[in-house]
Amino acid sequence: KGIHGIIYCLTIKNVIHVYEYLKNLGYMVTYYHGNLEPNIKKQNQDDYTLHKYEIMVATNAFGMGIDIPDIRYVIMYDLPSSIEDFSQQSGRGSRDGLYAEAIILFNLKDIEVIKYFIDNISNNEKNQKELKIIKKERYNQLDQIVNLCISGKCIHQRVVNYFGLPHSGKCNMCSNCKRLKKK
């Protein structure tokens, strides 16, 4: 109790499922997704920001402009669709500089959901060639996040390198580094 976190889901269906599950267990939880009425979105976001709730269950529609300093965990209930999404979502934790955790719950079914979203991208402003390029890039991003999850190498190093920055080696903080340290 009293620890604030965010649980991100790929689909509205999963947001509702996780929200109802946690609410039935007695957690102080609210939810957010793009299909909510604007006044409900604002109310849920404001209530969470004011700490009336401990847990926010949301799609990635939640988070832009959110600067809550004391979020101690970010759980990705579903696989993020890219390293960029992972970085943005996990970056919502520990804005006050204190310890926070980011956890990805990896499930092979998530890959199929993300592929479905990619395959159904449509845009009236783009021609078929442009859409093909966009889809190819999204598939590449999916491959990269899957590789991040299954590699066994330092997660922090891989994310930092992904964004073109150097990293000296192991962070000794991520689950992979901690696992290797125990051996």
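Everything that follows concerns the structure shown earlier in this document.
Definitions and cut-offs
- Residues numbered from 1 in each chain as written.
- Predicted model: local features only at pLDDT ≥ 70, side-chain atom pairs only at ≥ 80, totals over all residues.
- Heavy atoms only, no water.
- Patch = residues over 30% accessible without salt bridge, like charges linked within 9 Å, V, L, I, M, F, W, Y side chains within 5 Å.
- Areas by Shrake-Rupley, 256 points an atom, 1.4 Å probe, with all protein chains shown as cover.
- Salt bridge = Lys/Arg side-chain N within 4 Å of Asp/Glu carboxyl O.
- Helix = DSSP H or I, 4+ residues; strand = E, 2+ residues; numbered from the N terminus.
- Buried < 20%, exposed > 50% of the residue type's maximum accessible area, 1.4 Å probe, protein only.
- Pairing = 2+ DSSP bridges.
- Axes fitted to C-alpha atoms, helices over the stretch in contact; angles between N-to-C directions.
- Contact = heavy atoms within 4.5 Å.

Novice: What's the story with a nonpolar patch on the surface in this structure? I'm lost.
Specialist: On the surface, Tyr-21, Leu-25 and Tyr-27 cluster together to form a nonpolar patch covering roughly 340 Å² of accessible area. Position of Tyr-21 among the secondary structure elements: in helix H1 (residues 12–24).

Novice: What's the story with the pattern of salt bridges in this structure? I'm lost.
Specialist: Side chains that differ in sign of charge can pair as their charged atoms come close. Enumeration over the complete set of coordinates arrives at three salt bridges. For Asp-96, the salt bridge identified is with Arg-72, shortest N-O distance 2.4 Å. Of the two residues, Asp-96 sits in the loop between helix H3 (83–90) and strand S5 (101–104) while Arg-72 sits in strand S4 (residues 71–76), which places them 24 residues apart along the sequence. According to the relative accessible area criterion, Asp-96 is partly exposed, its value standing at 34%.

Novice: Whenever I open this one, the sheet that holds strand S3 (residues 55–58) confuses me. Can you help?
Specialist: Backbone-to-backbone hydrogen bonds pair the strands of a sheet. The strands run either parallel or antiparallel. With parallel pairing, five strands are arranged side by side in an open sheet as S2-S3-S1-S4-S5. Every interior strand has two partners, whereas the edge strands, strand S2 (29–32) and S5, have only one. Going from strand to strand, the sheet's axes swing by 15° on average, the running direction of each strand aside. Strand contacts of H3: strand S1 (4–8), S4 and S5, with the helix running at about 155° to S4, the strand carrying the most contacts.

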